[in-house]
Amino acid sequence: MPAAFRTQVVGAALLDDLHRPTAFLAAQRAYPAGLRGLWEFPGGKQEPGETCEAALRRECAEELGAAVELLAEVPGPHPQGWPLQETAAMRVWTGVLAAGSPDPAAGQDHLAVRWVPLGNAAAALAMPWIPADLPIVRALLDQLAD
């Protein structure tokens, strides 16, 4: 595993409720062709000069049209989070919609968004996830079960 990844990506595991979550938000990729139709956590690349948290708030506003309140990080196996490929890693935070925010909507980057029930881990894991996101889904389900 590289000492440091060149590209830092951030992702949001948005929960439907702050105190008693029953579902998390997944987004279905629109592109590139090799990932079209697969599910992921919404988010994107951190820009120079941005904190990870600021990048994630910006990405949620751009991709989902939603303002978010970030909660806890889903810790990955590397200081930069979860390896995506040789040059990129993703840090993921749980979060909720900020008060007064509209419901998340699929924008240009996604075909659809949907709330995935937490009550059936097998069904959540059986969805066609981007391969790099699947271990994060497992870690999220474990974190929320505690």
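Model, not experiment: these values are computed from the prediction.

Here we look at the side chain of Glu50
Argument step 1. Inspection of the secondary structure puts Glu50 in the loop between strand 4 (43-45) and helix 1 (52-64).
Argument step 2. A distance of 2.8 Å separates the side chain of Glu50 from the backbone nitrogen of Glu47, its partner in a polar contact.
Argument step 3. Ignoring anything within four residues of it in the chain, the contact list for Glu50 reads Lys45, Ala55 and Arg58.

What about the packing of aromatic side chains?
Argument step 1. For the coordinates displayed, the defined rule picks out three aromatic pairs.
Argument step 2. Measuring from ring centre to ring centre gives 6.0 Å for Phe24 and Phe41, while their planes differ by 35°; the resulting arrangement is tilted. One end of the pair, Phe24, is in strand 2 (residues 23-29); the other, Phe41, is in the loop between strand 3 (39-40) and strand 4, and 17 residues separate them in sequence. Each member of the pair, Phe24 as well as Phe41, is classed as buried.
Argument step 3. Feature note: the residues Phe24, Phe41 and Trp129 constitute an aromatic cluster, connected by ring pairs.
Argument step 4. Its guanidinium or amino end placed over the ring of Tyr31, Arg29 lies 5.9 Å from that ring's centre, counting from NZ or CZ.

Reading the values: the criteria
Residues numbered from 1 in each chain as written. Predicted model: local features only at pLDDT ≥ 70, side-chain atom pairs only at ≥ 80, totals over all residues. Heavy atoms only, no water. Helix = DSSP H or I, 4+ residues; strand = E, 2+ residues; numbered from the N terminus. Polar contact = N/O pair within 3.5 Å; in protein donor to acceptor, adjacent residues only side chain to side chain. Contact = heavy atoms within 4.5 Å. Phe/Tyr/Trp six-rings, centres within 6.5 Å; stacked < 30°, edge-to-face > 60°. Buried < 20%, exposed > 50% of the residue type's maximum accessible area, 1.4 Å probe, protein only. Lys NZ or Arg CZ within 6 Å of the ring centre and 35° of its normal.

In short, shape yes, function no, at least from these values alone.
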